[in-house]
Amino acid sequence: MDKIIYEFDKINNPQGKGNAENNHFIFQNIERRKLTSIYHSHDFYEFIIVLRGMCTAFINGKEYELVKDDAVFMSPGDSHSFTGQSEDLRIISFSVKSCEVESSCEYIGKRPDECFGFKEHPLIFSEPGAQSVLRLIYNNINDDTLIYEYKFLLSYFIRVLSVKSEPGNDDECPAVIL
C-alpha cells in the first residue's frame, strides 16, 4: 500500500505565512466530518482521543476499533488511515512538531526513545484523565492561546507516556488538578 508523508510545516503553514516559531502545535476538534481514508504518515507526533462514538483505524498494518475514552499516540513514521466511523464520532487530535517532543523529553532527563519505550506503535490506552486536560484546553483555545498552554498539554502527555512505558507499570496515569 502506497502512503503519503505529511510534513508538519507544510500542513500547518501551507502559504508560508505567519510566525513559524509558534507553529509547533496543531489542535483539532473533529466532529461531523469524515476522517481520512488516505494511508499516510507524518514527520511529527500525533495524539488522538475519542470523545464520542467509534472509528476503525488501520495503523502500521493492523486494524483497531477505537471507542470513547481511547487515546492513541503515534510517532513520526507511523502509517495510518481510517476505514470506518460512527455518525456521532467526535475526536480531538493534538499534533506536535518533533522538536517540541524532543525538548520536553530532554527537560525530564530522557531521550524520546526512553520516554516512549513501548515496543509497539501505536500506543493505545483508555485515559479519561487525558480527556479532561484536552477539554480544558480546547474550551479555551482562540487566537490568543499562548504557547505555554500547548506546552502544558504536551508535558502531560509526555508524563503519561513515560509512566506507561515503564516495564510492568499498569498504574493509573498522573492526575491533573483542573
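Preceding block: the structure.
Residues numbered from 1 in each chain as written. Predicted model: local features only at pLDDT ≥ 70, side-chain atom pairs only at ≥ 80, totals over all residues. Heavy atoms only, no water.

Caption draft 1: Just the packing of aromatic side chains, in detail. This model, assessed by the stated rule, comprises six aromatic pairs. For the pair Tyr39 and Phe58, a centre-to-centre distance of 5.7 Å together with 50° between the ring planes defines the contact as tilted. Residue Tyr39 is located in the loop between strand E2 (25–31) and strand E3 (40–42), and its partner Phe58 is located in strand E5 (residues 54–59); the two are separated by 19 residues in the primary sequence. Aromatic pair Phe47 and Phe73: ring centres 5.0 Å apart, planes at 40°, arrangement tilted. Of the two residues, Phe47 sits in strand E4 (residues 44–52) while Phe73 sits in strand E7 (residues 70–74), which places them 26 residues apart along the sequence. Each member of the pair, Phe47 as well as Phe73, is classed as buried. Taken together through their ring pairs, the aromatic side chains of Phe25, Tyr45, Phe47, Phe73 and Phe94 make up a single cluster. (Phe/Tyr/Trp six-rings, centres within 6.5 Å; stacked < 30°, edge-to-face > 60°. Helix = DSSP H or I, 4+ residues; strand = E, 2+ residues; numbered from the N terminus. Buried < 20%, exposed > 50% of the residue type's maximum accessible area, 1.4 Å probe, protein only.)

Caption draft 2: Representation of the side chain of His42 within the structure. Tracing the chain through its elements places His42 in strand E3. For His42, the side chain forms a polar contact with the side chain of His40, separated by 3.3 Å. If we skip the residues at most four places from it in the chain, His42 touches Ile5, Tyr6, Pro76, Gly77, Asp78 and His80. (Polar contact = N/O pair within 3.5 Å; in protein donor to acceptor, adjacent residues only side chain to side chain. Contact = heavy atoms within 4.5 Å.)

Caption draft 3: Up close: the pattern of salt bridges. Scanning the model with the defined rule gives four salt bridges in all. The partner of Arg90 in a salt bridge is Glu31, with the nearest N and O atoms 4.0 Å apart. Within this pair, whereas Arg90 is found in strand E9 (residues 90–97), its partner Glu31 is found in strand E2, the two being separated by 59 residues in sequence. Between Lys68 and Asp69 there is a salt bridge, and its shortest N-O distance comes to 3.9 Å. (Salt bridge = Lys/Arg side-chain N within 4 Å of Asp/Glu carboxyl O.)

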